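What follows is the residue order along each chain.
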Amino acid sequence: MPSPLLQLFTGRRGRRAVDTVVPERTFADVVLPPATMRTLEQALAQVRNHALIFDRWGLGERHATGLGLAFNFAGPPGTGKTICAEAIAHALGRDLLVVNYSVVESMWAGETAKNVAAVFKNAAESEAVLFFDEADAIAARRTAGARQAMEREANTVVNVLLKELEAFNGVVIFATNLAANFDPAFERRIRTHVLFEMPGAAERERIWQVQLHPLHTPLSADVDFVALAERYPASGGDIKNAVLKAAAMAAAEPGLDVGKRIHQRHFVQAMDDVLAAKAVMRQSILDDAPPMPVPVATPAPTLDPRLTLAALGLGAAGLLLGVAALVVAALR
Ligand SMILES: Nc1ncnc2c1ncn2[C@@H]1O[C@H](COP(=O)(O)OP(=O)(O)OP(=O)(O)O)[C@@H](O)[C@H]1O
Ligand SMILES: [Mg+2]
């Protein structure tokens, strides 16, 4: 039987529960509103000073617990939470240990707490920045007097998480789409909450640009990022998908490669496709919902006419026999 830690890293059914990422993307690849960028810079300064105080100045050896730094990145999908976690790990020169919490939970029901502890152990040993993606469930409020097995497991996981956070002397980042549901004890241990919002038009214009290579991506003269940014109030993730789609469309056109360019029409078509696909996904999620039960009327029982006739016949025969018996009795 492989150890839980090994299972975590190898994963099943395609999606791995834990991934080690050697960070390549930096803050130069991220476009954020100035206020969000400032909060992130402060977070980074905290991490750097933390290393100075607790590692180089030796205070970590004097104070054994409560030394970790925990951050929560909250915001809608595709707003840059993962890329910023990577950028932070890059700035610190460490690997990023990405934990896909929903996979951990769904693969090993009943063993989640053990696996969470294993993940912290691995991060401590490899000095990686620990990143809990899709952490909504893990951070959820504990249920008082939990009766169901699942509620009890969720409570145990949060308790283990709090214990591990207390003992961990590194950087942990949680990414959540819903920040409202945090367990209060958990929230107390999180140093900084960073809110990732949908980008405004000015940010979108720069996001379109950072998705392309400044030198190698061939653009037609008609490309207008201001117009694209104003036309589509999309997330960074949508813009990334549209750029890749537009490039594929341009590359698939006939002609020599040297003459190929990405035109405005490619970007427009690609973003229309990306948004249409999202609409289909939303629709199919709704379609997959279990149908409302339709009340079925119970039909009134119907009588077979042949049975009715047979019953009447038997009744009449019985009556005749009765009369005949009376007549015989009277004659005697
Ligand atoms: N603010 C941004 N600046 C630059 N690129 C961005 C930004 N936001 C998103 N992107 C692009 O979209 C991709 C997806 O973003 P990312 O994975 O960081 O989103 P996320 O907030 O983690 O989403 P999810 O909640 O779905 O995990 C990134 O790899 C990047 O290319
Ligand atoms: Mg993400």
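That block above? That's the structure.
Residues numbered from 1 in each chain as written. Chains lettered and ligands numbered in written order. Predicted model: local features only at pLDDT ≥ 70, side-chain atom pairs only at ≥ 80, totals over all residues. Heavy atoms only, no water.

Caption draft 1: Local environment of the site of ligand 1. Around ligand 1 there are 19 residues in total, and Arg25, Val31, Gly78, Lys81 and Thr82 lie nearest to it. Interatomic distance of 3.1 Å between a backbone N/O atom of Thr79 and an oxygen atom of ligand 1. One of the side-chain nitrogen or oxygen atoms of Gln211 is found 3.2 Å away from an oxygen atom of ligand 1. Relative to its unbound accessible area of 630 Å², ligand 1 is 84% covered by the protein chains. Placement of ligand 1 is best described as lying within the largest pocket. (Near = heavy atom within 4 Å. Polar contact = N/O pair within 3.5 Å; in protein donor to acceptor, adjacent residues only side chain to side chain. Areas by Shrake-Rupley, 256 points an atom, 1.4 Å probe, with all protein chains shown as cover. 1 Å grid on protein atoms, 1.4 Å probe; cavity = no way out; pocket = protein on both sides within 12 Å on 5 of 7 lines; lining within 4 Å. Sits in = over half its atoms within 2 Å of the grid points.)

Caption draft 2: Seen up close, the pairing of strand S4 (residues 129-133). In terms of burial, S4 is a largely internal element, five of the five residues being buried. The side-chain alternation of S4 yields two buried faces, one formed by Val129, Phe131 and Asp133 and the other by Leu130 and Phe132. Summarising the sheet, strand S3 (residues 96-100) and S4 pair through five bridges and their orientation is parallel. Looking at S4, one finds that Leu96 is bridged to Val129. Pairing analysis gives three bridges linking S4 to strand S5 (residues 171-176), with the strands arranged parallel. (Buried < 20%, exposed > 50% of the residue type's maximum accessible area, 1.4 Å probe, protein only. Helix = DSSP H or I, 4+ residues; strand = E, 2+ residues; numbered from the N terminus. Pairing = 2+ DSSP bridges.)

Caption draft 3: Region of the structure containing the packing of aromatic side chains. All chains considered together, the criterion is met by seven aromatic pairs. Ring centres 5.6 Å apart and planes at 75° place the aromatic pair Trp208 and Phe267 in the edge-to-face group. With a gap of 59 residues between them, Trp208 in helix H9 (residues 201-210) and Phe267 in helix H12 (residues 264-288) connect regions that are remote in the sequence. There is no split in this pair, since Trp208 and Phe267 are both buried. An aromatic cluster is present here, built from Phe120, Phe132, Phe168 and Phe174 joined pairwise through their rings. (Phe/Tyr/Trp six-rings, centres within 6.5 Å; stacked < 30°, edge-to-face > 60°.)

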